Every structure is written in C-alpha cells, then in structure tokens.
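# Fold and contact review
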Amino acid sequence: MEIGLSHYLILSTILFGIGLYGVMSRKNLLMLFFATEILLNSVNIGFAAISHYLGDLTGQMFAFFVIAIAASEVAVGLGLLVVWFKRHNRIDLDEMMSMRG
Amino acid sequence: MFETVAFYLFAVLVTVSFFIAVTTSQALYALTALASGMILISGFFFILDAEFLGAIQIIVYSGAVLALYAFGMMFFDTTREVKEKKGNRIIIASLSVLSVILVVLIFAAPVVSDNIVANYPVVEGIGNTEQVGIVLFTKYLVPFEVAAVMLLVAMIAGIVLAGKKMDVSLTLKDDSEINNEEKVLS
Amino acid sequence: MEKYLYIALFAPLVSSLFSSLFTAKPKKQFVGVIASLLIATSFVSSVILGFYILGGGEAIHVELMTWINTGGLYIPFGFVVDEISVTMMFVVTLVSMLVHIYSNGYMDHDPSFNRFFAWLSAFVFSMMVLVMSDNFAGLFIGWEGVGLCSWGLIGFWYYKESATWAANEAFIMNRIADLGMLIGLFLLYWNTGSLQYDVVFSKVALLDHSTLIWIGIFLFIGAMGKSAQFPLHTWLADAMEGPTPVSALIHAATMVTAGVYLVIRSNPLYDLVPEVGIFIASLGTFVAFFAASMALVNRDMKRIIAYSTLSQLGYMFAAAGLGAYWVALFHLMAHAFFKALLFLGAGNVMHAMHDELDPFKMGALKEKMKWTWIMMTVASFALAGVFPLAGFFSKDTILEAAFVDHHYVIYGVLLFTAALTAFYSFRLVALIFHGNDRYSQFGIHPHEAYNYMLWAMAPLFFFAIIAGIMQTPFFEMVEEALNAREYHIHSEAVKWIMLIGTQVLVIASIFYAYRKYNRNDITVPDGTSKTENRLCYKVLFNQYYIPYFYEEYLVKPYRELSGLFWKKFDLRVVDATVDGIAKILYNTGEETRGMQSGNLSVMLRWMVVGLVILLIFAGAVGLAVRYSDKILSFLSALGV
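Everything quoted here is computed from the prediction, not taken from an experiment.

## Quick word on the overall build of chain C
What chain C contains, in helices and strands, is 25 helices and 2 strands. Buried positions account for 55% of the 640 residues belonging to chain C. Within chain C, residue pairs in contact and separated by at least 24 positions form 81% of the contacts whose partners lie at least 6 positions apart. Of the roughly 27,500 Å² of accessible surface on chain C, 68% is carried by carbon and sulfur atoms.

See the structure below:
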C-alpha cells in the first residue's frame, strides 16, 4: 500500500495529540518543555510531508523556521527555569500561583 | 515497499518514544525517549526527500536542544522521581483524542487538498540542499536574518538568566534577603 | 386664501412657543400682550376665511406634508376649511382671543403668568388642529392635544391637591373614552381603508349596517368623554379647579364641544344609523335634565355654570342625534358666546370676592359691579332662551326639531329642562347681585374688574344679544354641507302656542327664582334648614351620589386590585424574573471563577477546550460550505 499525504498528516496529528496530552497532564515544568518540543516536531512532520507531496519548498522553509524558534525557546525557557529553581527549589506548576487574582 | 515499511516502522517507534516521554515519571527516561524520538523523526524527513531538514533536525534538536536540556537538568535533582499530582487523566486524554479526531476529519475533508497551488515548485535534477539554499537566500532572506537575530537574542537571554550569580546558591536564602541583595547591587 | 389658513392655524403655535420661552421667568406683561396679538391675528384670518366661505367660496383643502405613508396607509397633514370647520374656527379663535385679553387682567397677580399663556395658546393650536384637520388621525391628534392642555390648565395651580386631582381625573376619564374612539377609528380604517373624511364618507354607505352601528357607538363613546356626557360627566364639574378663563374657554366654549363637533363632522355616518342617533338624542336629553337638576341646588358658582354647560351639551347632542346637525352647530356657537360671557363674569365676581365661590356669601353686588351684573344678567337671559337673545333662536329650534320629528318625550323633557335652566340661572344671578349684602361679614371689599377685562367681554355680550339674526345666513351656509332642512310646524296655531308657551314658562320660572332668592332675609345655609334635610335636596346636592359611587365602587376596588397585583404578580413574577436573570449571571460568574485560578495547568486545559470548540466550528463551516447547495435546497423544501 502506497504511503500518501494523509498517512503523514494523521501521524503528525497523533503526535500532536500526544504532545497536547503531555502539556495538559504534566505538572513538572521540565516535562512541560519536553511536551512542547513534541508539539513542534509533530507539526514539522506535517510541513515536510505537504512540501513533498505538493512539490513545493515552502513547507520545508516553515519547518526550518520552526526549528529555529524551538531552539531559541529552549534557550530562554531553560534560563528562566533555572532562575525559578534557584529561588524556590521547586519547578512544580501547581506551586506557581502568582497569576491568581 | 521499502518506503511503506520504513514509514510504519518509524511511525510506531516515534509514537512509542514520545508516549514514554510524556508519561514517564523519571526525568532521565523522558529525556532519553525524547532524544530517540527526535532522531527517528529525521528518518521521515529523509524519506520525504528533505535531506537538509533531516540533517538540521539531528544537529539542532538531538544535538543542541537536547544537550541544552541535559545541561539544564544538571541544576535539578534528576535522580529524584518527579512527583506530580494526578489530575483527571480521563478528561485530559479525551480532550486530546477529540482534538486529534477533529483535525484528522478536517484533513480528510476534500475542500483542503483541492485548492493548493505550489508557490516554489521543486526543480527536478537539483539536490535538495541546493534548492533549499536558493529559496532561503532569495525569497526568505529577511525572515532568515530575523531568525538569526532572534537566536542571538535568545542566546544572550539564556546566558544572562542562567548565569546570574552562579556562585551564590539562591535556594538557601529567603525571598526577602534576595530582594534586598538585588536592591543593593542595582 | 391658503395663507390665511396657515396663519389661523400656526399663529397660536407661535404664540405658545414664544410664551413657553419665558415660563421659568417672573411675570412679563409683554408675553400676555404678544400672545393676545397673535391669537387676534389668528382670529382675523378666521374671519376672512369665514366671509370667504359665507360668500359661497369653495372649501379650501391643503396638504401641508405627508405624515404616514406605509403600505396601504396614507395619512397626510391635511387641513380643510369648509362650512363646518370655519364655524368652529370662528368660535374658537373669537373666544380664545377674548379670553387671552381677559386673562391679562385675571392672571395679573399670578407668579406663573407666562406659563399660563404658553398652555392657553397651546390649547388654541390643538383645538385648531382638531377642527381643521381633513382626516380622523389629525382630529385625534388635536383631540389628545386639547386633552393634554386641559390637563395642564386644570392643574395649573399644581400646588393645590384638589387641582392636580381634578386634572388627573379629567385626563383619565378622557383616556377611557379615547379608547372607545380609537376602536371606532380602527374599525373605520379597517372597513374603508382610509381616514380621510371625504374618502371615508363616500364609502360608508357601502358598509354593513351592524358595522356602521358599532363604528357610530365607538366614535360616540369618544365624544361622550370629551363632552362629559353621562356616565363620564364627573370630571367637568371638578375641572372648575382651574383658573376661570380656562373654564370659560375650554370647559364651556370649545373643548367640551369637540364631541358635538365629532358627531356633526361624521353626519354622513350617523345619517345611516338612526338607531344610534336616537340613542345619542336620548342620552343628550337625559344629560340635559340630569345636569340641570344638579345645578338647582349647588352652592358653588362655577359648578353651577359647569352643570349648565353640561346641560346645554345635552341639548346639542339631542339635536345632533335627531339629525338636526345644523341646529346643534348653531346652538354650539350661540352657547359658546353666552356661556363664555357667563364664565368671564363669574371670573370678575371671583376676583372681586377673593376667590369666594359660594353665592350665598355674596348678594347685592349689583351696586359695586354694575357692568358685570348687566352682562351676566343678559347672558343668563340668553341661556334661558328669552326672546330675542341668542339662546331663544338656537334652543327653540332644537325643541321644534324634536317636536316636528314626533319625539314628544324628548321634546317634553327638553322643555321642562328649559324651565329648570331659567330657574337655576336666575337663582345664581339673584343670589350674587341682588338681595341683602352678605359679604361684608366676611370682610370682603368687592370692586369692579379692570376696564379692559370688561371690554374683552363686550364682543361676547354683543354676540350673545344678536346671534339670533345670524341664524338665516348660517343656515344658508351650512345647508348643503350638513344636508340641513328647516323645521316647520304645519299648523300656525300650534306654532304660536309653542313659542309663546315656552316663553311664558321660562319667564315664569325666572320670576319664581327672583321671588325665592331676591330677598333680604337669605342667610348662608348651615345644613339645618328644612329644605336642606329633604331627601331630594340631598340627592341633588351630592350629585346623585355618583362621584361617591365611583370612588367607593370603582376607584377603591381598583386600588385594592392594583395592590393585590403589585404584591402577588409584580413582586413574585415580574420582579422575580428580573432578579432571576441577575442571579443567573451572578452565579455563572461565581461558578466560572474557578477557571481563573491562576494555575497554568488549568489554563492550558481550557485552552485546549477552546481549540476543540474552534475545530468543531471550522469543521461545521467547512461542511456547510461543502454542502451549501444541498442545505439550500433542503431549506427551500421546508419553505424557509
């Protein structure tokens, strides 16, 4: 059976769902970052697949920029995470209630 | 045939690795699973004739990003099990599944695929890397430069945030003490 | 000629707007002068129009602008000057002008002098709209306008509890009647498709007889309210709380005759339903007698004149009901003259007596107020119908009309009422102007009114005397418009016996009134005399206990019902609904507060919920677009 675009898109969606589940269920900030990486990667698969099956390079370009954004996100996010950890010795989401009105 | 086998193999492996990454309670397991998932994803890129993207994936994700995570984890006690309150897993799982099904349904709808026209078509006979280079440095030059600046800013931000007072353990002090010190310093 | 129409119509409006600029200011004499001049302008224009119509000119019909034009309904701001409206315009503007001039003196010391003229001129404008409109909708506007101005003028001294009560009573009674009138108008529009007089009256002959009866009854209910016919009559006597010039203008000469005007205007309609006509005539006759009987014993000068007005309105309705529209209109005109004169004279007396209204506390004023005495006496003679004054011609014609049409009961009651009228009129005159001096013991020093007030009354005095000679030209003018006919008694002998008999009866009751009340031993009644304790006296003095009945059996139960509805329905259903809506919102806020816990995990979860909703929406839109033609065909099959 020939692998088509929809196979890739469905795979991408399933991985995105796993990422969503991670984002919602994990309370540890580091795990949350991992789940975010999964989300970004799943989208990248979709971009690359569409690019291939349409014969258009735009998809790859987008995947490329997504990777760049993921890299900067990790850099800044980890920096903030370290500062937070140094202050509170915890990186549990439920402890971060400073947004509470 | 080869492509089909490769797709299903990679698909199963990636899904399993990522699933482990989001469910395990050990941070090291999660990191390892994530790294393997990232490398396996690059396999898809190679199948899809996007060799350049596949290389970037391995270098940036598996190399840089995960190395960064690994270094970041040295600050935290990684041997300790991650204690998490169990939320209502059923609601969370069903929400994710529901969104997945919806997205799939929308992708399956015939309206999407009919109306797409290629902006920058793939030229036959030239390597993928060369094509990417041509498009990136002509059509996407400005976004490319902006991305470069963004990475620079992120790098500086990461250094400033994480490297501030590396010699002092902030955890041994109260919030008020830290605030006072910061006031004195500034 | 059209410009005179516009001047006659809009000069009072200008006067009202001008005066209302100064309502918050202290008295300014020029306001009264300018208002009087503007009304005089309107009067002159009306007279010019009157001579034009009298000279056989065509009716003037103008359309100022379109008012309502939707679908099949077309109502313009149209005005018409024909034989009927020009008579009304003449009466209205003449009496208004004189009352305006008179009020300059009467309201001299009132702090709200300017406001008075604003209301009074507004009333004149509304009355002009009422009589000049060429359709029922415009008539209704004027109808409501005069009701509003009447409310403002009865309650002019709003700091008096009784005045505001009377104003509200008049307003509410009129609203009740207006509901009937509105139903009549709706029926008319429903069945003829128009409200223009000419269109409606050309079509009424084609309508069903029972429909016509209903229309006639409902329109007459409106007329009953405005003209204070039984059982909606109680407001007129209470309306005497207003300033006396107002009573003269509104509650004697003009507004209360609007009901008669409506019946006269709708004469093609009422011609087709003689049953309703008989009902109107019977009710009018009854009211004529009923009101006159109440006037016999009343001890309030203005109320006596008000009851007399009521009685005379009854005469007009009797005439109109019998199909003698031109007689009704002529009596309306003549009555306006002598009744306004009577009221203005009463105003002079009130002014002199420091607002004392009980004629038993007056007496022997003829030395102090010679001209007022002459004018009021002549007005009373005219009211009683003594030859050759105005009342003789108009009232006797009504009697003749009733006799010729073989309505002998109506004739008899009206004849008897004429005797009553003569009696109570001269009881009043005798008590006020003759007999012994009873006012000195109350420390009152009467004086004659200002000269210009007397001059303002002079034209009314003049018309009250000579209105009779206008009968023939008036008849010729309205002959065609009102389908009028002369009433001739075939036998000469019967005719003369009737004429002289009526005169003898009237003069006899005048003499009787004088004999009874022109005495020097009359004292202020204190409720102990034998007459006062008689049953019929009590019944009459308490106005047949009708106000008491209304208060006890209509107002009080209504108030209790309202209280019940307030507590049971308003609080428990309406208020509870509103509170419930507020409570739902409040509780929703309270319940969904948990969303904003500040916990990132919870927020992320809600974000995903939002994503799911957006995806569902996107999918639904996509499906709708994809299958749009099928959905449309399905909807069209359903008939949407």
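And the narrative resumes.
## Here's the deal with the packing of aromatic side chains
Applying the stated criterion across every chain yields a total of 60 aromatic pairs over all chains. Ring geometry for Tyr102 of chain C and Tyr106 of chain C: centres 6.0 Å apart, planes at 20°, overall stacked. Taken together, the residues Tyr102 of chain C and Tyr106 of chain C, both in helix 3 (residues 83-106) and 4 residues apart, mark about one turn of the helix. Of the two residues examined, Tyr102 of chain C and Tyr106 of chain C, each falls in the buried class. Ring centres of Phe220 of chain C and Phe279 of chain C lie 6.1 Å apart, and the angle between their planes is 85°; this geometry places the pair in the edge-to-face category. Of the two residues, Phe220 of chain C sits in helix 8 (residues 209-226) while Phe279 of chain C sits in helix 13 (residues 274-297), which places them 59 residues apart along the sequence. With relative accessibility at 2%, the residue Phe220 of chain C sits in the buried group. Residue classification places Phe279 of chain C among the partly exposed residues on the basis of a relative accessible area of 43%. What links up through ring pairs into an aromatic cluster is the set Tyr8 and Tyr53 of chain A together with Phe7, Tyr8, Phe10 and Phe44 of chain B. Looking at Lys27 of chain C, its charged tip hangs above the ring of Phe113 of chain C, at a distance of 4.8 Å from the centre. Looking at Lys516 of chain C, its charged tip hangs above the ring of Tyr517 of chain C, at a distance of 5.8 Å from the centre.

## Regarding the interface of chain C and chain B
Contacts between the two partners involve 10 residues from chain C, matched on the other side by 9 residues from chain B. Summed over both sides, the interface between chain C and chain B buries roughly 810 Å², with carbon and sulfur atoms accounting for 89% of that surface. By the criterion of area lost to chain B, the three top residues of chain C are Arg605, Val612 and Leu615 of chain C, representing 56% of everything that side buries. Linking chain C with chain B are 0 salt bridges, by the criterion used here. Across the chain C-chain B interface, the total number found is 0 residue pairs in polar contact (both at pLDDT 80 or more). Here the residues of the side of chain C that touches chain B sort into 7 nonpolar, 1 polar and 2 charged.

## What to know about the nonpolar core
Residues Phe123, Tyr270 and Val349 of chain C are the most contacted members of the largest nonpolar core, which totals 217 residues. In terms of residue count, the dominant contributor to this core is helix 15 (residues 325-352) of chain C (21 residues). Once you skip the residues sitting within four places of it in the chain, Phe123 of chain C turns out to touch Val146, Cys149, Leu153, Leu249, Ile250, Thr254 and Met255 of chain C. Core analysis: the next-biggest nonpolar cluster, separate from the first, contains 79 residues, Met24, Ile45 and Ile67 of chain A together with Tyr61 of chain B among them.

## Looking at empty space enclosed by the protein
A probe as big as a water molecule, rolled over the atoms, marks out the empty space that is left. All names here are of chain C. The final tally for this structure, using the stated rule, is 4 cavities of 30 Å³ or more. Quantified by volume, the largest cavity comes out at close to 70 Å³. Lining of the largest cavity is provided by Asp396, Leu399, Glu400, Tyr411, Ile489, Lys495, Met498, Leu499 and Thr502. Sorting the residues of the lining of the largest cavity by element identifies helix 17 (390-404) and helix 21 (492-517) as the ones contributing at least two each. Top element by residues in the lining of the largest cavity is helix 21. It accounts for 4 residues.

## As for the interface of chain B and chain A
Taken together, the contacts link 86 residues of chain B with 69 residues of chain A. In total, chain B and chain A occlude about 7,000 Å² of area from one another, counting both sides; carbon and sulfur atoms represent 74% of this. The largest per-residue losses of area from chain B upon contact with chain A belong to Leu48, Tyr69 and Phe76 of chain B, which jointly make up 11% of the total buried on that side. Our count for the chain B to chain A interface comes out at 0 salt bridges. The tally of links from chain B across to chain A stands at 6 residue pairs in polar contact (both at pLDDT 80 or more). Elements represented by at least two residues in the side of chain B that touches chain A include exactly helix 1 (2-23), helix 2 (27-47), helix 3 (51-73), helix 4 (89-108), helix 6 (128-138), helix 7 (141-163) and helix 8 (175-185) of chain B. In terms of residue count, helix 1 of chain B provides more of the side of chain B that touches chain A than any other element does, 12 residues in total.

## Let's talk about helix 10 (residues 244-253) of chain C
Where burial is concerned, most of helix 10 of chain C is hidden: 10 out of the 10 residues are buried. In this structure, the buried side of helix 10 of chain C is in contact with helix 3, helix 4 (113-132), helix 5 (136-154), helix 9 (234-238), helix 14 (301-321) and helix 15 of chain C.

## Some points on the pairing of strand 2 (residues 73-81) of chain C
Looking along a regular strand, one sees the side chains alternate between the two faces of the sheet. All names here are of chain C. For strand 1 (residues 60-70) and strand 2, the ladder comprises 9 bridges, and the chain directions are antiparallel. Bridging from a neighbouring strand, Glu63 pairs with Gly78 of strand 2. A loop of 2 residues connects strand 1 with strand 2, the two strands running antiparallel in sequence, and Gly71 in this loop sits at a positive phi of about 55°.

## Looking at the pattern of salt bridges
Residue and element names in this part refer to chain C. Scanning the entire structure with this criterion turns up 10 salt bridges over all chains. A salt bridge links Asp82 to Arg265; the nearest nitrogen and oxygen atoms lie 2.9 Å apart. You can see Asp82 sitting in the loop between strand 2 and helix 3 and its partner Arg265 sitting in helix 11 (residues 258-265), a full 183 residues away along the chain. Judged by its relative accessible area of 12%, Asp82 falls in the buried class. A residue is classified by how much of its surface remains accessible, and Arg265, at 6% relative accessible area, is buried. Across the salt bridge formed by Asp178 and Arg175, the nearest N and O atoms sit 2.5 Å from each other. Placement of the pair is Asp178 and Arg175 together in helix 6 (residues 161-192), with a separation of 3 residues, close to one helical turn. For Asp178, a relative accessible area of 3% gives the class buried. For Arg175, a relative accessible area of 25% translates into the label partly exposed. Members of the salt-bridge network, linked through shared partners, are Glu144, Arg175 and Asp178.

## Observations concerning the environment of Ala390 of chain C
All names here are of chain C. One can find Ala390 in helix 17. Placed 77 residues apart in sequence, Ala390 and Ala467 show a C-alpha to C-alpha distance of 4.9 Å. Setting aside chain neighbours within four positions, we find Ala390 in contact with Ala334, Phe338, Ala382, Phe463, Ala464, Ile465, Ala467 and Gly468.

## Focus: the packing of helix 14 of chain C against helix 18 (residues 408-433) of chain C
Residues and elements named next belong to chain C. Where helix 14 meets helix 18, the closest approach of the two axes is 11 Å, and the angle between their N-to-C directions is 160°. With respect to helix 18, the element helix 14 is oriented roughly antiparallel. Classified by chirality, the crossing of helix 18 by helix 14 is left-handed. Between helix 14 and helix 18, the residues in contact are Met301, Ile304, Ile305, Ser308, Ser311, Gln312, Tyr315 and Ala318 and Leu414, Thr417, Ala418, Thr421, Tyr424, Arg427, Leu428 and Ile432, respectively. Among the residues forming the contact of helix 14 with helix 18, the class breakdown is 10 nonpolar, 5 polar and 1 charged.

Thresholds applied
Residues numbered from 1 in each chain as written. Chains lettered and ligands numbered in written order. Predicted model: local features only at pLDDT ≥ 70, side-chain atom pairs only at ≥ 80, totals over all residues. Heavy atoms only, no water. Helix = DSSP H or I, 4+ residues; strand = E, 2+ residues; numbered from the N terminus. Buried < 20%, exposed > 50% of the residue type's maximum accessible area, 1.4 Å probe, protein only. Contact = heavy atoms within 4.5 Å. Areas by Shrake-Rupley, 256 points an atom, 1.4 Å probe, with all protein chains shown as cover. Phe/Tyr/Trp six-rings, centres within 6.5 Å; stacked < 30°, edge-to-face > 60°. Lys NZ or Arg CZ within 6 Å of the ring centre and 35° of its normal. Buried area = accessible area lost by both parts, 1.4 Å probe. Salt bridge = Lys/Arg side-chain N within 4 Å of Asp/Glu carboxyl O. Polar contact = N/O pair within 3.5 Å; in protein donor to acceptor, adjacent residues only side chain to side chain. Nonpolar A, V, L, I, M, F, W, Y, C, P; charged D, E, K, R; others polar. Core = buried A, V, L, I, M, F, W, Y, C linked by side-chain atoms within 4.5 Å. 1 Å grid on protein atoms, 1.4 Å probe; cavity = no way out; pocket = protein on both sides within 12 Å on 5 of 7 lines; lining within 4 Å. Points joined across faces, edges and corners; volume = space filled by probe spheres on them. Pairing = 2+ DSSP bridges. Axes fitted to C-alpha atoms, helices over the stretch in contact; angles between N-to-C directions. Parallel < 35°, antiparallel > 145°, perpendicular 65-115°, else oblique. Left-handed = near helix turned anticlockwise from the far one by under 90°.

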